[in-house]
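# Observations on the three-dimensional arrangement
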Amino acid sequence: MTAALSIRNYSLDYVTSAGPVRVLHDISLEIAPGEVLGLVGESGSGKSSLAWALMRHLPANAREVEGSLQLGNVDLQRLGPRELTRIRGRRLGMVFQDPSTSLNPTLAIGSQITEALIRHRDLKPRDADALAIELLGHVDLNNPAAIMRRYPHEISGGEKQRVVIATAFGCRPDVILFDEPTTALDVITGARILELFARLRQETGVAALYISHDLALVTRVADRVAVLKRGRLVEQAPAAEIFRAPRHSDTQALVAAVPRPEHRLVHDSPGDDVLLTASDIEVHYGNPGLFRRAPPAATKKIGLNVRAGEILGLVGESGSGKSSMARALTGLAHFSGRISFDNQVIHGARDMNAAYRRDVQIVFQHPDSSLNPRHRIDEILSRPLKLYGGSLPDIPRLLDQVRLPSSYAGRWPHQLSGGEKQRVAIARAFAARPKLVICDEITAPLDVSVQAQIIELLLALRAETGTAFVFITHDLNLIRQIAHRIGVMRRGEMVDLLPVEDFDANHIHSYTRELMAASPVPVG
Amino acid sequence: MTELLTRLIRKPQGFVGLSLLALVALACLFGPALAPYAPEKINFLGRFRAPGWQNWLGADQFGRDIFSRLMVGARSTVPMALIATFAGSAVGAIIGVGSAYFGGRADEAIMRTNDAVMAIPGLLMALLLVSTLGNGAGNAAIAIAIAFAPGMARVTRSVALNVRNQDYVKAAIARGEGALWIIFREMLPNVMAPIVIESTIRVSFAVMLFATLSFLGVGAQPPASEWGLMVADARQYMYQAPWALIAPSVAIAVAAIAFNLIGDGLRDALNPKDER
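Residues numbered from 1 in each chain as written. Chains lettered and ligands numbered in written order. Predicted model: local features only at pLDDT ≥ 70, side-chain atom pairs only at ≥ 80, totals over all residues.

Glancing now at the overall build of chain A. Regarding its fold elements, chain A presents 20 helices and 20 strands. Taking 524 residues into account, the globule formula puts the C-alpha radius of gyration at 24 Å, and chain A, at 25 Å, falls close to it. Taken over the C-alpha atoms alone, chain A extends approximately 75 × 55 × 50 Å along its principal axes. (Helix = DSSP H or I, 4+ residues; strand = E, 2+ residues; numbered from the N terminus. Rg over C-alpha atoms; globule rule 2.2 N^0.38 Å.)

Right, dumping it as structure tokens:
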């Protein structure tokens, strides 16, 4: 039996101004008909390049050095443009990462599906319409006939991804490439998409290449898992085995970095003194205009307190108001309510004096945008020292504190990797010797292994300085490893605020339970 | 910087622009030394002399050598245009970044005032200002700077609004930095690329606007050899001595095209996405 998709000894270069850079080294993979192969790797490991090579949509500076790509018995590399259009979609489907950009915003959903069906299955428009409605119903969308007439901005991200998946499956391809299809979605929505994928797969028996950076997730959907590291294939094994018995050291590192809630990293308990109390916090964006009312508040009268040395976790989906809380506590957003900190009461950003600003620091989500690209590292670190008292010779010590060599002081932010930039941002926050550091999704854009290093660093800094943390994240498994208490937020409300031990108990909110069920717990 | 220059030269428009600009710069720096005659030397025997070995680009109604006048006139045209653009861009950029930083009502107030000023055509605005301030090259430069500032403010604000939402600006606000530090050190350096491109292209408009003002008699005053003024002077003798009109017109066009091409080239060279 021939493989549905086979990649043999494939190597790919990108030609840059500094000469050719090899991104894929001698890759050999096979997917049998009906099999799902998971491809796992960190960012920059070349997994997306492989997907684009299979779709024959490589950038102009890509050079295929050797190897072959075969879809069934078709040699993909030999196809001309006209033959390619007959392969793409019809025999080789693709589902992209971000559903909001993979649908055309100016066309109704219906016409985007029927276009694919008419082209690839030679249907008449009326039959295509009927089939499209059937397909949309099959991916569990309510009222498919109404969805057909809507535009992409009128449906949610999860619904968009269902539409894309319905289109991909509707053309009955031999193989579908999934490029991180749930990364851009919320945890619960993503979990539902995975359930849908498992069901459709069983019904249609399609083969798939499932690309992701999340090893725990891939082991749940794939039959076999291949691990890619810097363009080299380091290990291939059945999904159930790779977690239990990773053979290669890189795979072992990946497995070790996956957060497991039962593996606690923090063992002490915080003091009894309350450091910060926030009550009735409502965050407002935008002022009422002359002719329009102010938009509704992003959070609904939220209260929380942080004890000295405590790690308080805040979890929730995007739009749940957790980042708004971070902005309120640092005076970046207008809010009403009361914050009391260190015997002072604060009613708005104007009440925040230099002492408060020094004691409460924030680290942002995106390391690329949190450092000014036109400032060197030493200038970035010198600002808090100048503002809050401190001497410039402290900079090497600050860098050393976040495990960076002192030679980095003279570098520009773009010369650093994402993890290193996040370390500089942490050093900048700790330069003020704060009592409370707010971490707003600081590990979300990082790879799992880098995330583990950053967490380790934060815990080491906490042991050194006794700083309290408010740790905002959407990763429930991660926060259950480190937090003392966790607040669960949904649509601007705090539905639960519990000590971490109580998460296994019965009295948790139904939403929290749903969130726990949706967080992929590693197999094995 | 050298890397930017090589990237600029690799683009055809950058290369042509730079070569033309080198010619203009040569005239500005060494014009008086290179000119074969004094620019105001009158020669009544040589009135309206056609281009030839005595006067390379011909002579005007007073027998003054046009080539010499062009070489010397470069100094009063191009640097003035540069100064006017630089001043206008600087003022506009600061207004734009400040408006984006403060946001809300302050932003509305600044930008609506800006729109009101922009509603007046540039030339009309410059004319209005010069007639208020009085004739003269310096006042013309001020007028051009003021006429340019609102446009620059608008361009800069749109870029600065993006920068305003970057986390490093939020970090600066959260740590309690002052408005001046945030505007000048955090935001302004990050909006420089579009400002540089926009103002390079605007230099060409300034050269033309400056020449236009002189042509209308409110910019440089006779007997200065400013290019626009030369065109104005030659206009009455257009049929007798077309060269007296053509030569300065071509000079204005060359300077304008040079800056325009460099602006185009810079836009490509400063775009980091194009790094191949």
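Resuming the write-up.
The secondary structure content of chain B amounts to eleven helices and zero strands. Listed by position from the N terminus, the elements making up chain B come as α-α-α-α-α-α-α-α-α-α-α. Along the first, second and third principal axes, the C-alpha atoms of chain B reach 75 × 50 × 25 Å. Taken over 276 residues, chain B has a buried fraction of 45%. Nonlocal contacts in chain B, meaning residues at least 24 apart in sequence, comprise 70% of its contacts between residues at least 6 apart. (Buried ≥ 20, exposed ≤ 12 C-beta atoms within 10 Å, placed from the backbone. Contact = placed C-beta atoms within 7 Å.)

Moving on, we come to the nonpolar core. If you look at the biggest cluster of nonpolar residues, it comprises 222 residues, and the most contacted ones within it are Val175, Leu209, Tyr210 and Phe471 of chain A together with Ile144, Val207 and Phe210 of chain B. A total of 15 residues in this core trace back to one element, the largest contributor, which is helix H6 (residues 137–164) of chain B. Summarising the domain contributions, this core has at least three residues from each of domain 1 (5–257) and domain 2 (274–518) of chain A. Dropping the residues within four chain positions of it, Phe471 of chain A is found in contact with Ile311, Leu312, Gly313, Cys439, Ile479, Ile482 and Ala483 of chain A. (Core = buried A, V, L, I, M, F, W, Y, C linked by C-beta atoms within 7 Å. Domains from an automatic or database assignment.)

Let us now look at the sheet that holds strand E12 (residues 302–307) of chain A. All names here are of chain A. Judged by pairing direction, the sheet is antiparallel, and its four strands sit side by side in the order E12-E11-E14-E15 without closing on themselves. Of all the strands in the sheet, the pair left with one neighbour each is E12 and strand E15 (344–346). The average angle at which neighbouring strand axes cross in this sheet is 15°, direction not considered. Summarising the sheet, strand E11 (residues 274–284) and E12 pair through five bridges and their orientation is antiparallel. What sits directly across from Ala278, in E12, is Leu304. Running at roughly 115° to E11, helix H12 (residues 322–329) makes contact with E11, E12 and strand E14 (334–341) of the sheet. (Pairing = 2+ DSSP bridges. Axes fitted to C-alpha atoms, helices over the stretch in contact; angles between N-to-C directions.)

Here the focus is the pairing of strand E3 (residues 36–41) of chain A. All names here are of chain A. Taking burial as the measure, the six residues of E3 include six buried ones, the bulk of the element. Taken together, the five bridges between E3 and strand E8 (residues 207–212) define a ladder with parallel strand orientation. Considered in E8, the bridge of Gly38 is made with Tyr210. In terms of strand pairing, E3 meets strand E9 (residues 224–229) through five bridges, oriented parallel. Within E9, the position partnered with Gly41 by the bridge is Leu228.

Another aspect to go through is helix H7 (residues 157–170) of chain A. All names here are of chain A. The terminal C-alpha atoms of H7, which comprises 14 residues, lie 20 Å apart, in line with the 20 Å expected from a rise of 1.5 Å per residue. Most of H7 sits out of view: 13 of its 14 residues are buried. One or two positions beyond H7, positive phi appears at Arg172, with a value near 50°. (Expected span 1.5 Å × (residues − 1).)

Quick look at the interface of chain A and chain B now. The interface is formed by 21 residues belonging to chain A together with 15 residues belonging to chain B. Elements that contribute at least two residues to the side of chain A that touches chain B include exactly helix H13 (354–359), helix H14 (367–370) and helix H15 (377–388) of chain A. Ranked by the residues each element gives to the side of chain A that touches chain B, the list is headed by H15 of chain A, at three residues. For the side of chain A that touches chain B, the per-class residue count stands at eight nonpolar, ten polar and three charged. (Nonpolar A, V, L, I, M, F, W, Y, C, P; charged D, E, K, R; others polar.)

In any sheet, the strands associate via hydrogen bonds between backbone groups, in a parallel or an antiparallel arrangement. All names here are of chain A. Spatially, six strands are ordered E16-E17-E18-E13-E19-E20 in an open sheet, and the strand pairing comes out mixed. Either end of the sheet is taken by a strand with one partner, and the two such strands are strand E16 (360–363) and strand E20 (493–499). If you compare each strand with its neighbour and ignore which way they point, the axes differ by 15° on average. Note that strand E17 (residues 436–440) and strand E18 (residues 468–473) share five bridges and pair parallel. Opposite Cys439, over in E18, you have Phe471 as the bridge partner. This element, helix H17 (residues 418–430), spans E16 and E17 of the sheet and lies at about 175° to E16.

Looking now at the confidence of the model for chain B. Note that predicted coordinates carrying low pLDDT should not be read in detail. When pLDDT is averaged along chain B, the result is 84; 97% of the residues meet or exceed 70. Across the assembled chains, the prediction reports ipTM 0.76 with pTM 0.79. (pLDDT = per-residue confidence, 0-100.)

Our next topic: the domain arrangement of chain A. Residue and element names in this part refer to chain A. Here chain A is partitioned into domain 1 (5–257) and domain 2 (274–518). With ten residues of domain 1 at the contact, the number on the domain 2 side is eleven residues. Counting only elements with at least two residues in the side of domain 1 that touches domain 2, the list comes to helix H8 (187–204) and helix H11 (249–257). Counted by class, the side of domain 1 that touches domain 2 contains six nonpolar, two polar and two charged residues.

Moving on: the packing of helix H3 (residues 66–102) of chain B against helix H4 (residues 104–118) of chain B. Residue and element names in this part refer to chain B. In contact at an axis separation of 7 Å, H3 and H4 are set at 150° when each is read in the N-to-C sense. With respect to H4, the element H3 is oriented roughly antiparallel. Of the residues in H4, those in contact with Ile95, Ser99, Ala100 and Phe102 of H3 are Gly104, Ala106, Asp107, Ile110 and Met111. Partitioning the contact of H3 with H4 into residue classes produces six nonpolar, two polar and one charged. (Parallel < 35°, antiparallel > 145°, perpendicular 65-115°, else oblique.)

Moving on to the pairing of E18 of chain A. In summary, the side chains of a regular strand alternate between the two faces of the sheet. Residue and element names in this part refer to chain A. In terms of burial, E18 is largely enclosed, as six of its six residues are buried. Of the two faces of E18, the one holding Ala468, Val470 and Ile472 and the one holding Phe469, Phe471 and Thr473 are both buried throughout. When strand E13 (residues 311–316) meets E18, the two strands line up parallel, connected through five bridges. Its bridge partner lying in E18, Ile311 is registered against Phe469. You can see the chain leave E17, run along helix H18 (residues 448–465) and come back into E18, and the turn it takes is right-handed. (Right-handed = clockwise from strand over helix to strand, strands pointing away.)

Residues and elements named next belong to chain A. Look at Glu180: it is not a glycine, yet its phi comes out positive at around 45°. With respect to the secondary-structure elements, Glu180 resides in the loop between strand E7 (175–179) and H8. Given 20 C-beta atoms within a 10 Å radius, Glu180 is considered buried. You will see that Arg230, though not glycine, has its phi angle at about 45°, which is positive. Summarising the element assignment, Arg230 is placed in the loop between E9 and strand E10 (232–238). By C-beta crowding, Arg230 is classed as partly exposed, having 15 other C-beta atoms within 10 Å.

All names here are of chain A. Its place among the elements puts His120 in helix H4 (residues 109–121). Through-space distance from the C-alpha of His120 to that of Ile31 is 23 Å; in sequence the pair is 89 residues apart. Other than its neighbours up to four places away in sequence, His120 contacts Gly89, Arg90 and Cys171.

All names here are of chain B. Its location among the elements puts Gly98 in helix H3. Judged by the 23 C-beta atoms lying within 10 Å of it, Gly98 falls in the buried class. C-alpha of Gly98 to C-alpha of Ile110: the two residues are twelve residues apart in sequence and 9.3 Å apart in space.

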